[in-house]
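Okay, here's what each chain looks like letter by letter:
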Amino acid sequence: MGKDVLINIGIAFIALLALWAIIFFVNRLFKWIYKKIETQTGNKIKGLNIKKYQVLTPVYIAKLIIGALKILKVFILIIIFYFWLPLLFSLFPESKKIADI
């Protein structure tokens with residue numbers, strides 16, 4: 001193996017570790033946000049009332065917010081992969097054409 005290939009393998013390993021750290025941070029951040037929302041249910045997150053009828057309960061609204069945040073988290077992770085994959089493919093000569101697409 002050439003020296004350049006070994007350096008590229010090392011850079012790819014560092015990029016993989018960086019990707020893992022970013023995903024770990026994003027997951028921790030969203031878990032913290034989910035817990036904050038759950039603790040605020042009933043206090044700051046009120047139900048939706050029309051006249052005397054409760055249309056949406058605070059628990060249901062919190063579940064809707066958490067569901068929307070989960071969708072946002074998936075989009076964030078897709079964007080991270082979208083930028084990470086070309087970086088990885090550009091390291092090796094055999095896959096540089098894939099990175100240019």
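About the criteria used
Residues numbered from 1 in each chain as written. Predicted model: local features only at pLDDT ≥ 70, side-chain atom pairs only at ≥ 80, totals over all residues. Heavy atoms only, no water. Helix = DSSP H or I, 4+ residues; strand = E, 2+ residues; numbered from the N terminus. Contact = heavy atoms within 4.5 Å. Expected span 1.5 Å × (residues − 1). Axes fitted to C-alpha atoms, helices over the stretch in contact; angles between N-to-C directions. Parallel < 35°, antiparallel > 145°, perpendicular 65-115°, else oblique. Nonpolar A, V, L, I, M, F, W, Y, C, P; charged D, E, K, R; others polar. Pairing = 2+ DSSP bridges.

## Some thoughts on the side chain of Asn8
Moving on, step 1. Locating Asn8 in the fold gives a position in helix H1 (residues 3–40).
Moving on, step 2. Those residues in contact with Asn8 that sit more than four places away from it in its chain are Leu91 and Phe92.

## Some points on unusual backbone geometry
Excluding glycine, residues mostly carry a negative phi; peptide bonds, for their part, are mostly trans.
Moving on, step 1. Not every positive phi belongs to a glycine, and Lys51 is a case in point at roughly 55°.
Moving on, step 2. With respect to the secondary-structure elements, Lys51 resides in the loop between strand S1 (48–50) and strand S2 (53–56).

## Some thoughts on helix H2 (residues 58–89)
Moving on, step 1. Between its terminal C-alpha atoms H2 stretches 47 Å, which fits the 46 Å expected from 32 residues at 1.5 Å a residue.
Moving on, step 2. In the core, the buried residues of H2 are packed alongside H1, S1 and S2.

## Here's the deal with the packing of H1 against H2
Working note: a packed helix pair is described by the angle between its axes plus the distance between those axes.
Moving on, step 1. Running from amino to carboxyl end, H1 crosses H2 at an angle of 170°, the nearest separation of the two axes being 11 Å. Relative to H2, H1 is oriented roughly antiparallel.
Moving on, step 2. Per-class residue counts for the contact of H1 with H2 are 23 nonpolar, 1 polar and 3 charged.

## Looking at the pairing of S2
Moving on, step 1. With 3 bridges connecting them, S1 and S2 associate as antiparallel partners. Paired with Leu48 across the strands is Leu56, a residue of S2.
Moving on, step 2. Hairpin connection, S1 to S2: the antiparallel pair is bridged by 2 residues, and Lys51 has positive phi, about 55°.

## Considering the environment of Leu91
Moving on, step 1. Mapping Leu91 onto the fold places it in the loop between H2 and helix H3 (96–100).
Moving on, step 2. Separated by 58 residues in the primary sequence, Leu91 and Ile33 place their C-alpha atoms 36 Å from one another.
Moving on, step 3. Other than its neighbours up to four places away in sequence, Leu91 contacts Asn8, Ile11 and Ala12.

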